[in-house]
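Examining the three-dimensional arrangement
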Amino acid sequence: MPSADLTLFVLGLFGVAGFSVSGVLAVGDKQLDLFGALVLGVVTAVGGGKIRDVIIGLDGFWVTEPIFRGTAAAAAVVTVIAERLGVVRRRLGLVADGAGGG
């Protein structure tokens, strides 16, 4: 059975990916380029956590653990590609947002 720290870490990665996907899909009709979608996905994924960290006086989790930025970026890029290929629909954004914890 995995330790609690590993479980929380993995859940954090899933949450960051979910919020990144939901951020990209939320503005899918705005025809963002890949860079714009990447920035939006990363900001959406780590934004709420950063606000929480500032309020409680911690360093941002995404600053100290680069894997979170990479996960958010990868999720954003995959989402843009999948959306342009017609593999995903914007409704998936609601599911992704819920999976992220929102």
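Quick caveat: nothing in here was measured; it's all calculated off a predicted structure. (Residues numbered from 1 in each chain as written. Predicted model: local features only at pLDDT ≥ 70, side-chain atom pairs only at ≥ 80, totals over all residues. Heavy atoms only, no water.)

The next subject is the overall build of the protein. Helices and strands together make up the secondary structure of the protein, namely five helices and zero strands. Across the protein, helices and strands are ordered from the amino to the carboxyl terminus as α-α-α-α-α. Taking all 102 residues of the protein together, 34% fall into the buried category. Counting only contacts in the protein whose residues sit at least 6 apart along the sequence, the fraction spanning at least 24 positions is 72%. Of the roughly 6400 Å² that the protein leaves accessible, carbon and sulfur atoms contribute 69%. (Helix = DSSP H or I, 4+ residues; strand = E, 2+ residues; numbered from the N terminus. Buried < 20%, exposed > 50% of the residue type's maximum accessible area, 1.4 Å probe, protein only. Contact = heavy atoms within 4.5 Å. Areas by Shrake-Rupley, 256 points an atom, 1.4 Å probe, with all protein chains shown as cover.)

On the surface, Ile51, Ile55, Ile56 and Leu58 cluster together into a nonpolar patch covering about 450 Å² of accessible area. Tracing the sequence through the fold places isoleucine 56 in helix H2 (residues 34-56). Here isoleucine 56 falls in the exposed class, since its relative accessible area comes to 54%. (Patch = residues over 30% accessible without salt bridge, like charges linked within 9 Å, V, L, I, M, F, W, Y side chains within 5 Å. Salt bridge = Lys/Arg side-chain N within 4 Å of Asp/Glu carboxyl O.)

On average, residues of the protein carry a pLDDT of 80, and 83% of them reach 70 or more. Model confidence for the protein, summarised as mean pLDDT per element, is weakest for helix H5 (residues 92-100) at 62 and strongest for helix H4 (residues 66-84) at 90. (pLDDT = per-residue confidence, 0-100.)

The tally for this structure, following the rule as stated, stands at one aromatic pair. Ring geometry for phenylalanine 9 and phenylalanine 68: centres 5.6 Å apart, planes at 70°, overall edge-to-face. In this pair, phenylalanine 9 sits in helix H1 (residues 4-26) while phenylalanine 68 sits in helix H4, placing the two residues 59 residues apart along the sequence. Residue classification places phenylalanine 9 among the partly exposed residues on the basis of a relative accessible area of 29%. (Phe/Tyr/Trp six-rings, centres within 6.5 Å; stacked < 30°, edge-to-face > 60°.)

A word on the nonpolar core. Membership of the largest hydrophobic core is limited to eight residues, which are Leu13, Val16, Val42, Ala45, Val46, Phe61, Phe68 and Ala72. Of all elements in the fold, only H1, H2 and H4 reach the threshold of two or more residues within this core. Here this core gets three residues from one element, more than from any other, and that element is H2. Among all residues touching valine 42, those that are not within four sequence positions of it are Ser20, Arg69, Ala72 and Ala73. In this structure, Leu25, Ala75, Ala82 and Val88 belong to the second largest nonpolar core, which totals six residues. (Core = buried A, V, L, I, M, F, W, Y, C linked by side-chain atoms within 4.5 Å.)

For valine 24, the location among the structural elements is in helix H1. Residue classification places valine 24 among the buried positions, given a relative accessible area of 4%. Remark: the alpha-carbon pair of valine 24 and leucine 34, spanning 10 residues in sequence, is separated by 10.0 Å. For valine 24, the contacting residues outside a window of four places in its chain are Ala37, Gly41, Ala76, Thr79 and Val80.

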